[in-house]
Amino acid sequence: MKLFIDSGNIKDIEALVAIGIIDGVTTNPSLLAKEPGDYRENLKKICQIVKGPVSGEVTAIDVAGMLEQGREIAKIDHYMIVKVPLTRAGIQACKTLSSDGIRVNVTLCFSAAQALLAAKAGATYISPFVGRLDDVGTNGMGLIKEIIEIYNNYDFTTEVLVASTRNPIHIVEAARMGADICTCPPALIDQLFNHPLTNIGLDKFLKDWEKSQAGKA
Ligand code: G3P
């Protein structure tokens, strides 16, 4: 399973990419709005750092506007993926951009029916928001299971990109279900490393080693 960072913060992205386990980055207008500087330059920098797919989202809500913005976003760098919302206009824009060879991530997906439409429109990625579904008392990971089942029934090449992840259980469940990608905020990626028994174990190993070496110096 590929692991993407869900952030527009250059420092956080640099620190995580340096570890060597990151495959891409997703951004959205809310995330980019938090960062200083020109968003196009920031996206370009992120592409140079991660050297993998980087999603940048359109803010237009009509087809013509989405196409214009989508083509501009695609020009920023060859790693750029154009993100469009799962609306009628978004699906139409996805079909046109995908047919022109531009890779599209269809975002704000909350149902299996919506995911089916995105696949039919040639989306490269579908982004179901699991955490926001959990927030309203619906099983977010249940939606991932349904989408994977539907995509596996046909020849769809659209990759399932689990978004709005909030805890390590989302990541583990996504991997068990065979999701293609999880995108995670930096703090969640940090959590994936942690286990108290690792810390306790390492502490004991180091103390035992130190004791054994003391008399030998
Ligand atoms: O990038 C889209 C998605 O991951 C947003 O997550 O936490 O704002 O629901 P969240």
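Before any of the text, the structure's been laid out above.
Being a predicted model, the structure only gives us computed values, none of them experimental.

Engineer: Which parts of the structure should I look at to understand the overall build of the protein?
Structural biologist: Check the secondary structure of the protein and you find 11 helices and 8 strands. Each principal axis of the C-alpha atoms in the protein carries an extent, and together these give about 75 × 40 × 30 Å. Counting across all 217 residues of the protein, residues that qualify as buried make up 45%. In the protein, 57% of the contacts between residues at least 6 apart in sequence involve partners at least 24 apart. Here the protein has roughly 11,500 Å² of accessible surface; of this, 55% comes from carbon and sulfur atoms. Each charge class in the protein was averaged separately, 22 positive and 25 negative side chains, and the resulting centres sit 2 Å apart.

Engineer: Where do I start with the state of the cysteines in this structure?
Structural biologist: In a disulfide, the sulfur atoms of two cysteines are held together by a covalent bond. A full pass over the atoms with the stated rule returns 0 disulfides. This cysteine, Cys-94, is not joined by any disulfide, and Cys-109 carries the nearest cysteine sulfur, 12 Å off. Judged by its relative accessible area of 0%, Cys-109 is buried.

Engineer: Just checking my understanding: could you explain the environment of Ala-113 for this structure?
Structural biologist: Assignment of secondary structure puts Ala-113 in helix α6 (residues 112–120). Taking the C-alpha atoms as reference points, Ala-113 and Asn-9, separated by 104 residues in sequence, lie 33 Å from one another.

Engineer: Would you mind going over the site of the ligand with me for this structure?
Structural biologist: If you check the shell around the ligand, you find Asp-6, Asn-28, Lys-83, Phe-129, Arg-132, Ala-163, Ser-164 and Arg-166 and nothing else. Between an oxygen atom of the ligand and a side-chain N or O atom of Arg-132, the distance comes to 2.6 Å. Notes on the ligand: free accessible area 310 Å², of which the protein chains cover 84%.

Engineer: Sorry, what's going on with the pattern of salt bridges here?
Structural biologist: Applying the stated criterion to the full structure yields 10 salt bridges. Between Arg-71 and Asp-100 there is a salt bridge; the shortest N-O distance is 2.9 Å. A residue pair is termed long-range when its members are at least 10 positions apart, and Arg-71 in helix α4 (residues 63–76) and Asp-100 in the loop between α5 (88–99) and β5 (104–109) qualify at 29 residues. Note on Arg-71: relative accessible area 34%, which makes it partly exposed. One salt bridge connects Asp-135 with Arg-166, and the closest N-O pair in it is separated by 2.8 Å. Separated by 31 residues along the polypeptide, Asp-135 in helix α7 (residues 130–135) and Arg-166 in the loop between β7 (159–162) and α9 (168–177) bring together distant segments of the chain.

Engineer: Would you take a moment to explain the packing of helix α8 (residues 140–153) against α9 for this structure?
Structural biologist: The packing of two helices is summarised by the inter-axis angle and the distance between the axes. Where α8 contacts α9, the two axes come as close as 10 Å, and the packing angle between them is 20 degrees. Overall, the two elements α8 and α9 adopt an arrangement that is roughly parallel. As α8 packs across α9, the resulting crossing turns out to be right-handed. Contact with α8, carried on its side by Met-141, Ile-144, Lys-145 and Ile-148, involves His-170, Glu-173, Ala-174 and Met-177 of α9 and no other residues of that element.

Engineer: Hey, could you run me through the sheet that holds strand β4 (residues 80–85) in this one?
Structural biologist: By way of backbone hydrogen bonds, the strands of a sheet pair with one another, either parallel or antiparallel. Here 8 strands make up a closed barrel; going around it, the order is β1-β2-β3-β4-β5-β6-β7-β8 and the pairing parallel. Adjacent strand axes in the sheet meet at a mean angle of 30 degrees, parallel and antiparallel pairs treated alike. By the bridge criterion, 3 bridges tie strand β1 (residues 2–6) to strand β2 (residues 24–26) in an arrangement that is parallel. Within β2, the position partnered with Ile-5 by the bridge is Val-25. The strands touched by helix α10 (residues 186–193) are β1 and β8 (181–184); relative to β1, the strand with the most contacts, the crossing angle is about 135 degrees.

Parameters at a glance
Residues numbered from 1 in each chain as written. Predicted model: local features only at pLDDT ≥ 70, side-chain atom pairs only at ≥ 80, totals over all residues. Heavy atoms only, no water. Helix = DSSP H or I, 4+ residues; strand = E, 2+ residues; numbered from the N terminus. Buried < 20%, exposed > 50% of the residue type's maximum accessible area, 1.4 Å probe, protein only. Contact = heavy atoms within 4.5 Å. Areas by Shrake-Rupley, 256 points an atom, 1.4 Å probe, with all protein chains shown as cover. Lys, Arg positive; Asp, Glu negative; His and termini not counted. Charge placed at Lys NZ, Arg CZ, Asp CG, Glu CD. Disulfide = S-S within 2.5 Å. Near = heavy atom within 4 Å. Polar contact = N/O pair within 3.5 Å; in protein donor to acceptor, adjacent residues only side chain to side chain. Salt bridge = Lys/Arg side-chain N within 4 Å of Asp/Glu carboxyl O. Axes fitted to C-alpha atoms, helices over the stretch in contact; angles between N-to-C directions. Parallel < 35°, antiparallel > 145°, perpendicular 65-115°, else oblique. Left-handed = near helix turned anticlockwise from the far one by under 90°. Pairing = 2+ DSSP bridges.

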